[in-house]
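# Coordinate analysis (summary)
Here is how the chains run, residue by residue.
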Amino acid sequence: MFRQLIAGAAAAVIALTGVKSGQYSPDEFCHAEGGAIVSPAGETAVLRGMGFGNDMWVNSLADIGLHHNEDSFREMSELGFNSVRFLLNYSWLEDDENPYVYKQEGFDYIDRSIAWAKKYNIGLVLNMHCPQGGYQSQGNGAALWTDPENQRRLVKLWGEIARRYADEPAIQGYGLINEPVVPELGFLELCKVGVQLVLLGEGHAVDALEGLAAAVAPPIGGVAGRQLDAVALDAA
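This is a predicted model, so every value here is computed, not measured. (Residues numbered from 1 in each chain as written. Predicted model: local features only at pLDDT ≥ 70, side-chain atom pairs only at ≥ 80, totals over all residues. Heavy atoms only, no water.)

### A closer look at the overall build of the protein
The helix and strand tally for the protein stands at six helices and eleven strands. Burial statistics for the protein: of 236 residues in total, 50% are counted as buried. Taking contacts inside the protein between residues at least 6 apart in sequence as the whole, the part at least 24 apart equals 75%. For the protein, the exposed surface amounts to about 11000 Å²; the carbon and sulfur share of it is 51%. (Helix = DSSP H or I, 4+ residues; strand = E, 2+ residues; numbered from the N terminus. Buried < 20%, exposed > 50% of the residue type's maximum accessible area, 1.4 Å probe, protein only. Contact = heavy atoms within 4.5 Å. Areas by Shrake-Rupley, 256 points an atom, 1.4 Å probe, with all protein chains shown as cover.)

### Quick look at unusual backbone geometry
One non-glycine residue with positive phi stands out, namely Asn54, at about 60°. Take Asn54: it is sitting in the loop between strand S4 (49-52) and helix H1 (70-78). Of note, Asn121 is a non-glycine position whose phi angle comes to about 55°, a positive value. Position of Asn121 relative to the elements: it lies in the loop between helix H2 (104-119) and strand S8 (123-130). Of the residues examined, Asn121 reaches a relative accessible area of 68% and is grouped as exposed.

### Overview of the confidence of the model for the protein
In low-pLDDT regions, the fine details of the predicted coordinates are not to be read closely. When pLDDT is averaged along the protein, the result is 73; 64% of the residues meet or exceed 70. When pLDDT is averaged over each element of the protein, strand S7 (residues 98-102) comes out on top at 97 and strand S1 (residues 11-16) at the bottom at 31. When the criterion is pLDDT under 50, residues 1-21 qualifies, and its contacts beyond four places in sequence or with other chains add up to 78 contacts. This model gives residues 211-236 a pLDDT under 50, and the stretch forms 66 contacts once residues within four places in sequence are excluded. (pLDDT = per-residue confidence, 0-100.)

Right, dumping it as structure tokens:
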């Protein structure tokens, strides 16, 4: 029987991961010190942000049109924001007919917003709002949990995203799955593997695992044979 394990509680487990030096040094990224997120300036970081929906329901980037532009980031900066929750649809990055082959136009879409965001000192939290298997929040995405191939594709896609943005300080975090509604505790294993792939891709950013916060935190602690820098709960 399907169980909506996140009903009545919206929470995120935030795991701050390490990064190897590349184009940028680790000090140029947000990182954990104790229970705080610390900015590259050495100050406690407070993310003040809003979400960009990006017409997430549209499966083709060609049909999205002008959801936001450079002025959107300029206005946010003027209002004191420093973060954007940037919603994604997996189909912008991968086709069902051609799995594991990633579409450059999808990454170009992200890259354009990164360039605008950096100009105004704003970071992005990439959020997989519609994963393989379907949008989760309304209970219609069970195929992510009943079809192991969908799970493998999602994990591999996050690995590719982490690889591409490992040295990009403007990426503040990764929301691996938005509001998961799952039939069983397979959610834990999928999130553990997802975080592992982000680590192997040398992802530096925050991995946000929504829902099941109390249950997820202990097994995530030592994923990939490494102790993560910090685990914090964000109850929304």
